[in-house]
Structure formats: structure tokens, C-alpha cells
Amino acid sequence: MRARSATFTARQRSNSSCSTDGTPNLGILPGFRRHSISIPMLVISDSDHYDLGTSSGLKYGKFVDWDKMPAASSESCTEPLPSDPKILKSMARAGCWSKNHTLRAKAYNHIIRSIRCRAVTPDGAVFRDISGKLFGQKKVSTHPFPQFMEGSQIPMYCLHKGGLNAVKKVLVCVENQFPDITYCPILPAIISLLLHYSEDEAECFQNACRLIACNDPDMHYIDQTFLAYQSSCMTFGDLAKKYCHGAHKLIGTTDHNLFSVYSDWMMWLFGGLPFEYATRVFDVYLLEGVKVLYRVALVLLKHYRVSVTSRESEITDLRQDIQSFVASIAHHLTVDKFLEKAFSIRLFSGKEISLLHIANRKALAQKGITLTQRRQSMHMAIDLQSFSSGIVTAQEMRIIWSWIPERFALFHPTLLFTTSEHGYSLQTLYSRVEGYEPTVLLFKTLDEEVSGAFLSSDWSERNKNSGKDSFFGTGECFVFTLRPEIERYEWMTAHPVESVSEEEFPKARLRSRSFTPSVSRPDTSTSSLSTAGTSQDSSFLTVPHAEPRPAHFRSVPHLPTKTASMFMAGSREGIIIGGGGGQALYIDGDLHRGSTQHCDTFSNPPLCKESFQIQLLEVWGIHNSVQNTV
């Protein structure tokens, strides 16, 4: 195939990568030089060679410093690899090629060659062509630092100086051939790992290009824009909220910008993990895609929480503390135990994770995040100085916002209806909230009890359902109480709740789950939160940092589908939320009286006094969320 033009255009980096005086932040990589127009420069020097010694005849190890490598055989391997992906997956999970360098190199080439790619994907011949034009016979050449790296480092792992030089060349050539990659901080680590098992720079380039150019709808490897990368970080935040309650709360109570911590999650794996752990993860990643990365990062987060139980008050820099833990993971778990725990996590299906990623991407785009441009205030901390409610405080609304899905938590709440201003009329309520999705319903009783519900669907859906009390909504709906106690009750699971070992959490807690729209998998648990002990300013709505309180585990019976999905219903006579065996919440048509009972959908106890009178009721929407035209 023909290569694109080798002309390499210097591109100014964004202001976010510059210091206060406008000078780019340099010095994080070996081989930088300051250019006269303040563009970070990548220096490639032919003097960066390394004496290969006795290993010079090894086909796949000429870039490796063997003194740094974990013990592994360097003998050649002639045994053919199986073509069945399931057998390869089992081999990768079991670490079958981790003890033979040549076997792993052959496995990587074998797997990557089978990846479905774009019709025109740069190969080794393209690399040799453009590298000759870019680097020529110069002893030293300088090139603008690839824009997509955005301040990331090149992990050397077990490479020698010549290997580091080769990684730089591959990075420059990748940017030359893929100008549409605008943000990809993990690519240097991926190229570095590949180079350990490549015959030459051209083969490393070819394999990296195939991962980048993968177009298999069921497989995803590398996010290539700022928007896609941040969507993955938000998705990890959703999963951390669901699977790592203890760590999630710790992060929320010790770091004002919680999202910045989750933005590091891929860097924990690519550049943070020790080489032996990183390669074992990479083995499986090539066969299973990004889903395994979520699993591995969740294990790191869980065990980090356990490791700091006795020293929480001593943590001064949470992000750095997590990175230090990741680098020292070998002191806590063997690589086999580490992966065993990762594979034992029962995540959403790949399709469900993809849907969640797409929803988060749309929410970020709506917030103003583009493919290449970040917003300085994009993190999930929202100024609530102007927040005002007759029912909840800013701190209590912060708790509610920590429970709702990440893609909605990006936006601040907006008041749609309040009985204090719009009167006690259900028809008025409907007219003011229709077209908004989702909504949060809050009410305060005459006994000063405060409860409510997060409702995922537009109330106009009630008009599309025939019959009285026809239910609609999705599994993201939940009900909750705020006073006198803080509790959340989510969609009821159809399977027994799993117990959590003392090894994973210092105190056993119920698992809390949230779902993407239209995904029909029932699941729930009971959760609670104490607002005590937070160091965050109550004028900010920071999400998420809720964690369930200790509770007894219980088995949950299998439920009929109908009673397990009675989320919300509305008519002229009143509103119903939750059904089956009772109603979690019923509010009558004049908005004065209501009742609450146990229901199968949320498996909740009564949210307040079973029959109550309403003092005040409010419905909140999500500012800038989807507003439909009815």
C-alpha cells in the first residue's frame, strides 16, 4: 500500500498543556528539547544504542535489557498456536506463554494478525518508507512531540536505551499516519509493551496500527479522542460506584475533584503496573478488549481501599498514593491471584458496557466536551451557591446526585415543579415535567420525613400505555429516604446477593447497582450514606461518593418479571412508583396525601409513615439533559 505524505507538520499544543507563562510543560520524557517556538520536541538519536551482547541473535529480544526482565525462557518455539479464539483466551488467562519470550511474541503476532481492521491499514513497509523520509541518516533528529500523548510518559519497562529510541520513532510515525488521533495517553505504553515482543520497529508499528485501526464491532482496544477517553473514565466511575463502594467513598471524601482520580484509571494499567503484571493483562486484553481492563482496574481499586484502612488520615495526595500502590501491587497479590480476582468480577455484558459508554459520551458532548477540546470545569463538582429547595439542603442534594448515573451527574439540578409555587395539582405537575428525562421527585411530610424517587423516563410515557396503572420506566429508577435516615433502594435482583469477603472490604456491605436505559437485567441492593466526615464544601454538588452502610446479607427469591419491573405509573387519580405486593410510593391526585409499602420491584420497607400527608413536594430535572418534544 502507499503511505501518506511523510511531511510532518508541527502543531501547537492546547493551552491546557502549558504553564502559567504559556511555556509547555517539559521534562517528563527523556529526549525532550525546548524548541524556539515553545513546542515540546522529541529527540531521536542514533547514539542511543545498546550492546546486545549474547542475546543479539534472539529474533524477538533485541530491544530488551535482559538484566531487567523477569525470569523467562528465551528459547525458540516451533509449536504452532491454536486458531480457536476460545482456546487462546484460556491460554492467555492461564499465563501459558508468560514463561517463554518467543512464544509470547508469536502469540501477539498471531492474535493481532487476526484482528479485523480497516481496508487500508499501515504496515511494516509503510513504516520503512516514512521513517526513511522522517529520520533519514541523521545522527540526531528532532520532531514535535505527538499531540495525542498530552503529557503522558513513555514507560521503558525492560527496554534498553535503543528500545526507548525505537518507541519514539514508532510514535512519530503513528502520528504521521493517524492525524485523526487527538488524544491517546496510553499509546506510548502499548507501543513499549509491543516492542518487547517485536522483531523490529516496523513490526511493532504494524501491530500498533492494527490495534488502532480495529473496526470489529464487538472489540474495542484504544480510545483515540479526548471525548472517547473521558467517556471511558466516566464509565469506569459508574462501575466503581457499583462494585467498589468502600474505595468510592474514600475517594469522594478525600479528593474534591473525584473525576480526576478516575481519569487516571488506564494509566494505572499502562505505565503503572509492574512489567510482569502489565504483560499478563496485555495477553488477555489482545483477546478480550477493553472489558478486561475495567475488571483489572476494579481489583486494584478494591485492594487499594483495603491497604489504606489503617492510614486514611495520613493520605495527603490520593492520586499519587493510588499510583504508588499500583506500582507495588506485587507486595499485595501475586500476578495469578490478581488476575483470578479480576476474572471473578461479573461485569455487565460487553454490549451493556458499550451502551453505557455511548450514553456517557453523549452527556459529555452535551456538556461541551469535544473530540479534541476539554472544558476546564468538566469534572463533576457543580457550584450550588444558588441552589435553593424547600425540602433538601445542598448537602442532601449532593447525596442524591452521588446516586444517579454519571452521565446525568455532569449537570446541575433545575427545579421544574414545586407545590409552594405551582399549587397542589397533579395535572399541573404533569404539564411542567413532561418532556424532561430523567426527573427526581422529592416530598416532605407533615412529620418532617423526607423521601423521594429517581425516575428515569419521561412522564409523557404514561400516555402511550393503555390501561389504568400501566407501568413504564427502566431499571435505573430507585427510591430513597433522606430523613430521618439516608437509604437507597434500587431495582430488585433476581439472584441471591453475593457476600463480600473481609479480604475485599473491612466491613461487609451490600452491593449497589445501576443500569443503562433499556437494559433488562434486574438487580438491586439497599444502600445508605452518612454525611458525617466529609471535607467537601457544602456549596458544591460533588458526585459521586455514596457508600452503603453495613447490613446483613440476605437471599433474594426469583421474582416474576411483571412485579420486578413495575417502575413508575401515572394517571389522573395519582402517581405510583414501584409495585408488586404493594407500592413503594403512591401520591394522590390532589398531592395532599400518600402511602408507602414494601414492593417487589425495589424490595423496600415503607419509606416513611405508611399513610402520610404532604407538606411540600418538588420535582427536579437535569439541566441540559434530554428534553423531548411532546
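Residues numbered from 1 in each chain as written. Predicted model: local features only at pLDDT ≥ 70, side-chain atom pairs only at ≥ 80, totals over all residues. Heavy atoms only, no water.

(A) The arrangement of the nonpolar core in detail. Within the largest apolar cluster, 153 residues are counted, with the highest numbers of intra-cluster contacts made by Trp97, Trp268 and Phe338. In terms of residue count, the dominant contributor to this core is helix α12 (residues 291–307) (10 residues). Setting aside chain neighbours within four positions, we find Trp97 in contact with Leu81, Leu88, Met91, Ala92, Leu103, Arg104, Ala107, Tyr108, Ile111, Asp283 and Leu287. Phe417, Leu426, Phe472 and Ile614 belong to the second largest nonpolar core, which has 32 residues in total. (Core = buried A, V, L, I, M, F, W, Y, C linked by side-chain atoms within 4.5 Å. Buried < 20%, exposed > 50% of the residue type's maximum accessible area, 1.4 Å probe, protein only. Helix = DSSP H or I, 4+ residues; strand = E, 2+ residues; numbered from the N terminus. Contact = heavy atoms within 4.5 Å.)

(B) Main features of the environment of Asp129. Turning to its location among the elements, Asp129 is positioned in helix α3 (residues 124–135). For the pair Asp129 and Ala202, spaced 73 residues apart in sequence, the C-alpha separation works out to 10.0 Å.

(C) Region of the structure containing the pairing of strand β7 (residues 450–455). Among the six residues of β7, six are classified as buried, and the element is accordingly described as predominantly covered. In β7, alternate side chains face the same way, and those of Val450, Gly452 and Phe454 on one face and Ser451, Ala453 and Leu455 on the other are all buried. One ladder, built from five bridges, connects β7 with strand β8 (residues 478–483); its direction is antiparallel. Among the inter-strand pairings, Gly452 is bridged to a residue of β8, identified as Phe480. (Pairing = 2+ DSSP bridges.)

(D) Inspection of the packing of aromatic side chains at higher detail. A complete count under the given rule lists 24 aromatic pairs for this structure. A ring pair is formed by Phe270 and Phe282, whose centres lie 6.5 Å apart and whose planes are at 90 degrees; its orientation type is edge-to-face. On the criterion of sequence distance, the pair formed by Phe270 in helix α10 (residues 265–272) and Phe282 in helix α11 (residues 275–288) is long-range, its members being 12 residues apart. By relative accessible area, Phe282 is classed as buried at 1%. Aromatic ring contacts, followed pair by pair, group Tyr108, Tyr197, Tyr221, Phe270, Phe282 and Tyr285 into a single cluster. Stacked on the ring of Tyr430, the Lys or Arg Arg462 has its end atom at 3.6 Å from the ring centre. (Phe/Tyr/Trp six-rings, centres within 6.5 Å; stacked < 30°, edge-to-face > 60°. Lys NZ or Arg CZ within 6 Å of the ring centre and 35° of its normal.)

(E) Broad picture of the confidence of the model for the protein chain. Residues with a pLDDT of 70 or more make up 73% of the protein chain, whose mean pLDDT is 77. Predicted confidence is poor over residues 1–39, with pLDDT under 50, and the contacts of this stretch with residues over four places away or in other chains come to 82 contacts. Confidence drops under a pLDDT of 50 for residues 374–382, and excluding neighbours within four residues, the segment shows 33 contacts in the predicted structure. (pLDDT = per-residue confidence, 0-100.)

(F) A look at the side chain of Gln177. If you trace the backbone, Gln177 turns up in helix α4 (residues 161–177). Residue classification places Gln177 among the buried positions, given a relative accessible area of 9%.

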